[in-house]
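Observations on the three-dimensional arrangement
One letter stands for each residue in the lines below.
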Amino acid sequence: MKCPYCSYNDCRVLDSRGTDEQTAIRRRRECNKCKERFTTYERIEEAPLLVIKKDGTRELFNRNKILNGMLRATEKRGIELERLEKVARDVEQELRNRMEPEIPAQEIGELVMEYLLNLDEVAYVRFASVYRHFKDINKFRQELDRLLENN
Ligand SMILES: [Zn+2]
């Protein structure tokens, strides 16, 4: 690691820690020559995660899509963005922990629903209604009944 001040090619690491999102490692370094201190970020390489869509096509996993879906479902529910961002991160982590290169979109949706159920029941039903494309009101009602029974 080259020092940004004197370009000397030797420094020591004072401190290493993950960033909030755990996608990079932050290192505090000190140049062994001029003793200046600086910070570097190293991205943690992530294997690409593919989503298998309903029509069989694949697309790169995108956490923002989950977040957007939840934002729609939680509209006017007074849930902090921060909590939704955490859910999106947790979902991504859980998916990555499976170590599978491809995951059906449906499974991702089900996982998001599990998290939403713990967060806000109205949001859960809204998300489920969009996600599962309830074809008629009876299916929607069944879902609601199932939800109420579990309480
Ligand atoms: Zn230096």
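Cut-offs and rules
- Residues numbered from 1 in each chain as written.
- Predicted model: local features only at pLDDT ≥ 70, side-chain atom pairs only at ≥ 80, totals over all residues.
- Heavy atoms only, no water.
- Core = buried A, V, L, I, M, F, W, Y, C linked by side-chain atoms within 4.5 Å.
- Buried < 20%, exposed > 50% of the residue type's maximum accessible area, 1.4 Å probe, protein only.
- Contact = heavy atoms within 4.5 Å.
- Helix = DSSP H or I, 4+ residues; strand = E, 2+ residues; numbered from the N terminus.
- Polar contact = N/O pair within 3.5 Å; in protein donor to acceptor, adjacent residues only side chain to side chain.
- Arc of directions from axis to C-beta.
- Salt bridge = Lys/Arg side-chain N within 4 Å of Asp/Glu carboxyl O.
- Donors = N, O, S within 2.8 Å, 3.2 Å for Na, K, Ca; no water.
- Tetrahedral: all angles 85-135°; square planar, octahedral: opposite > 155°, others 65-115°.
- Pairing = 2+ DSSP bridges.
- Axes fitted to C-alpha atoms, helices over the stretch in contact; angles between N-to-C directions.

**Digging into the nonpolar core**
Counting 24 residues, the largest nonpolar core has Ile66, Met70, Leu95, Ile108 and Val112 as its most contacted members. When sequence neighbours within four positions are dropped, the list of residues in contact with Met70 reads Leu84, Val87, Ala88, Val112, Leu116 and Phe127.

**Focus: the side chain of Arg29**
Its place among the elements puts Arg29 in strand S2 (residues 24-31). In terms of polar contacts, Arg29 uses its side chain to reach the side chain of Thr40, at 2.9 Å. A polar side-chain atom of Arg29 sits 3.1 Å from a polar atom in the side chain of Glu42. Not counting chain neighbours up to four residues away, the residues in contact with Arg29 comprise Met1, Cys11, Arg12, Val13, Leu14, Glu36, Arg37, Phe38, Thr40 and Glu42.

**Side note on helix H1 (residues 63-73)**
Those residues of H1 that sit buried are Ile66, Leu67, Gly69, Met70 and Ala73. All buried residues of H1 lie within an arc of 160° about the axis, which places them on one face of the element. At the N-terminal boundary of H1, the capping side chain belongs to Asn62, with an oxygen 2.9 Å from the backbone nitrogen of Asn64.

**Considering the pattern of salt bridges**
Evaluated as defined, the whole model comprises 14 salt bridges. In this structure, Arg29 engages Glu42 in a salt bridge whose closest nitrogen and oxygen atoms are separated by 3.1 Å. Residue Arg29 is located in strand S2, and its partner Glu42 is located in strand S3 (residues 37-43); the two are separated by 13 residues in the primary sequence. Linking Arg83 and Glu80 is a salt bridge whose minimum nitrogen-to-oxygen distance equals 4.0 Å. With relative accessibility at 42%, the residue Arg83 sits in the partly exposed group.

**Focus: the coordination of the zinc ion**
At the metal site, the zinc ion is ligated by Cys3 (SG), Cys6 (SG), Cys31 (SG) and Cys34 (SG), and these contacts range over 2.2 to 2.4 Å. One can describe the site at the zinc ion as tetrahedral: its four donor atoms subtend angles covering 106 to 116° at the metal. In the primary structure, the donors to the zinc ion are separated according to the pattern C-x2-C-x24-C-x2-C. Of this pair, Cys3 sits in the segment before strand S1 (11-18) while Cys34 is found in the loop between S2 and S3, placing the two residues 31 residues apart along the sequence. Taking relative accessible area as the criterion, Cys3 reaches 2% and is therefore assigned buried. For Cys34, a relative accessible area of 32% puts it in the partly exposed group.

**Things to note about the sheet that holds S2**
Here three strands make up an open sheet; going across it, the order is S1-S2-S3 and the pairing antiparallel. One side of each edge strand has no neighbouring strand; the edge strands of this open sheet are S1 and S3. Mean inter-strand twist for the sheet, computed between neighbouring axes without regard to direction, equals 25°. Bridge count for S1 against S2 is seven bridges, and the pairing is antiparallel. Bridging from a neighbouring strand, Cys11 pairs with Cys31 of S2.

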